[in-house]
Amino acid sequence: MTARKTTPNVRTSAPTSAPDGEATETSQSIQRMRSAFADQLCQHGIVRTPAVEGALRTVPRHLFVPGAPLEQAYATTPAHAASGSAATSFITAEPALTALLLEQAQVQPGMRVLNIGATTGYPAALLAHLVGEHGHVTTVNTDADLVRTAIASLAETGFSTIRVVSSQAAVGYPDGAPYDRLITSDATWDVPSAWLPQIAPNGRLVVPLRLRGSMYRVIAFERTNDHWTAQYSDTAPFIPPQDRITDDPLRLTALNATCTVALDLHQDQKVDEADLHGVLDRKRSEVWTGVRIPRDAKSIELLHLYLACAMETSLSRMTATTDAITTATITPPFEWGAMAVPSASDLAYITLRPTDTTTAASEVMYDIGVIGHGQGGFSLAGCVADAICLWAREYRERPVRIDLQRSDACQQVEGQFVFDRPNSRLVIDWE
C-alpha cells in the first residue's frame, strides 16, 4: 500500500456541540502547541532540515497519544497513553529521538521505508509526510493492541494507506523489501540478521544502538562492500533498554543503603551486582586529571564512548535522586547522575568542576575528575584517570569510525575495538 496522505480529519478536544468559535479557538490552541513543539526541537539543534521541520509542524501528534492531555502530547518528553488493553501501556518515542532518526535517515520523496518500533503510528505518519504520495511506508509493531491503535490513529489523520504489520521486530517485513530506509525507534544491542538483506543496495539503516555498557548512539549505516559504515553518529537521548528486538536484559543495583543511587549493568559487563551493594558507603577517594573540557554534550559523549570501549568493564549509567545529590552522597556532573566504571567490589565515576578558563566563545572549561569508592577505589579511579588522559592526548581530535558486519561474513572487519554479538560484529576505531 502506498503512503499517500489525504486531508487529515483532525478532531479537537471540544465536544461536537461546541459553538464554532470555541472549536476554532481549540484548533488554534493545538496549532500553537504544535508550533512551539517544533520550535523547541529546532532551537536545540536536533531538527536541521526544512523537510523534517515541516513534517513536525504538520502531523497532529496529539491524535497518536489517545488519552494524553494536549500539553503532554506536545511536550518534548515522552508522552504516555493507554492502549486497548488495560494491562498494556506504551510511551511514544522520545520526540528528540524521533526527530534525530528522521534527520539521519534523510528520507526523500518516493522512497520505500520500513519503520520498526512499538509506537502508535506517529513516526510512520511523519515518514509518510516525507516520502509523499509516490512513496511507501510500512510500520512493524510487536504489540497487537498498539497495531490496532496505530491503524485507527493513522486512518483518523489521513494516513490510512500506510501498511501496519503485527510481527516480531527482529523479522522486519521481507514481503515489502527492498527498502531505501530501515528505521527503528527501539534501541537494540544487536542488529538482527534478517534486517540487512531487506535494505536496498544504496539504502540506509538508522538505529539507536547500544554499543557497550550504557553507551548508546543513534547511527545511520550505509553499505560499504561486505560491511556497513556509520555515515552519521549522534548522541542518543537516554533510551531504556528493550527486549523487543534482541534479548538485552538490564540489571539494576543499589549503590548505597538508602537506595537513592542506582547503577545500570548490562549483559556485556561481567560484574556481580551483589558485590556493589553499598559501595558508596565505603572508602572514598578522588583523582583529578588536569584534562579540561567544555560542558557540551558532544565533547563529553565522545569521552564516554572511548571509556566505554577501553575500560575492561565498560561504562555504566549511574542515576541518583535529588536527595542523594543535595546531601553529597555523590557529586555528579549532571542532574540525573554520572557515568561510572564498575569493578569487582569498587566503583569510579566521572565528575566535573569549573575552572577559571574559558573558550573563545566564552564557555567555561571544566576539569575532569574521577571519584572512587571501595577498598580498591583509589586504584580504579587512577586507571580511569589514566584512560581519560590517554584519550585527551591521542584520540580527542580524531574522528570515530564505526563499522557493522553480519557475524557470518566471510571476511571479517578488524579494528581497535571489536565487539562480537550473536548476529553482528561491531568495530570502533579512532582514525
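Everything that follows concerns the structure shown earlier in this document.
Note that the structure is a prediction, hence the values are computed from the model and not measured.

A. Broad picture of the pattern of salt bridges. One pass over the structure, following the stated rule, counts 14 salt bridges. A salt bridge links E53 to R57; the nearest nitrogen and oxygen atoms lie 2.9 Å apart. Of the two residues, E53 and R57 are both situated in helix α2 (residues 50-58); the distance of 4 residues between them amounts to about one turn of the helix. When its relative accessible area of 26% is taken as the criterion, E53 is described as partly exposed. Looking at R57, the relative accessible area reads 24%, which means it is partly exposed. Among the salt bridges present, the one from R148 reaches D145, with a minimum N-O distance of 2.3 Å. Within this pair, R148 and its partner D145 are both found in helix α6 (residues 144-156), separated by 3 residues, close to a single helical turn. Given a relative accessible area of 13%, D145 falls into the buried group. Here the salt bridges do not stand alone but share partners, grouping D39, E53 and R57 into one network.

B. Fine view of α2. Considered for burial, the residues of α2 that qualify are V52, A55 and L56. When α2 is viewed along its axis, its buried side chains cluster within an angular range of 95 degrees and face the same direction.

C. Molecular detail of the sheet that holds strand β10 (residues 250-254). Taking strand neighbours across the sheet as the criterion, the 7 strands line up as β10-β11-β13-β14-β15-β16-β12 in an open arrangement whose pairing is antiparallel. Either end of the sheet is taken by a strand with one partner, and the two such strands are β10 and β12 (284-294). Across this sheet, the average inter-strand angle for adjacent strands is 30 degrees, counted without regard to direction. The pairing of strand β14 (residues 337-342) with strand β15 (residues 347-358) spans 3 bridges and is antiparallel. Looking at the pairing, A340 lines up with Y349 of β15.

D. Just the pairing of strand β13 (residues 316-320), in detail. In terms of residue burial, β13 counts as a mostly covered element, since 4 of its 5 residues are buried. Two elements, strand β11 (residues 261-266) and β13, share 3 bridges in a ladder whose sense is antiparallel. Among the inter-strand pairings, V261 is bridged to a residue of β13, identified as A320. Where β13 meets β14, 4 bridges bridge the pair, whose relative direction is antiparallel. Bridging across to β14, T319 finds its partner in G337.

E. Representation of the packing of α2 against helix α5 (residues 122-131) within the structure. The contact between α2 and α5 brings their axes to 9 Å, and the two run at 125 degrees. By the angle between their directions, the pair α2 and α5 is classed as oblique. Relative to α5, the crossing made by α2 is right-handed. Contacts between α2 and α5 involve A51, V52, G54, A55, L56 and T58 from the former and Y122, L126, H129 and L130 from the latter. For the contact of α2 with α5, the class distribution of residues is 7 nonpolar, 3 polar and no charged.

F. Main features of empty space enclosed by the protein. One pass over the full model with this rule turns up 3 cavities of 30 Å³ or more. If you trace the largest cavity, you find it lined by I293, I300, L303, H304, P333, F334, M339, I350, L352 and I368. Taken together, the elements giving at least two residues each to the lining of the largest cavity come down to α7 (297-310) and β15. Looking at the lining of the largest cavity, the element that brings in the most residues is α7, giving 3 residues. Taken together, the residues that form the lining of the largest cavity break down as 9 nonpolar, 1 polar and no charged. The calculated volume of the second largest cavity comes to roughly 50 Å³. The wall of the second largest cavity is formed by T98, L101, L102, N115, P123, L127, I183 and S185. Put simply, the parts of the chain that give the lining of the second largest cavity at least two residues each are α4 (95-105) and α5. At 3 residues, α4 tops the list of elements feeding residues into the lining of the second largest cavity. Per-class residue counts for the lining of the second largest cavity are 5 nonpolar, 3 polar and no charged.

Reading the values: rules and limits
Residues numbered from 1 in each chain as written. Predicted model: local features only at pLDDT ≥ 70, side-chain atom pairs only at ≥ 80, totals over all residues. Heavy atoms only, no water. Salt bridge = Lys/Arg side-chain N within 4 Å of Asp/Glu carboxyl O. Helix = DSSP H or I, 4+ residues; strand = E, 2+ residues; numbered from the N terminus. Buried < 20%, exposed > 50% of the residue type's maximum accessible area, 1.4 Å probe, protein only. Arc of directions from axis to C-beta. Pairing = 2+ DSSP bridges. Axes fitted to C-alpha atoms, helices over the stretch in contact; angles between N-to-C directions. Parallel < 35°, antiparallel > 145°, perpendicular 65-115°, else oblique. Left-handed = near helix turned anticlockwise from the far one by under 90°. Contact = heavy atoms within 4.5 Å. Nonpolar A, V, L, I, M, F, W, Y, C, P; charged D, E, K, R; others polar. 1 Å grid on protein atoms, 1.4 Å probe; cavity = no way out; pocket = protein on both sides within 12 Å on 5 of 7 lines; lining within 4 Å. Points joined across faces, edges and corners; volume = space filled by probe spheres on them.

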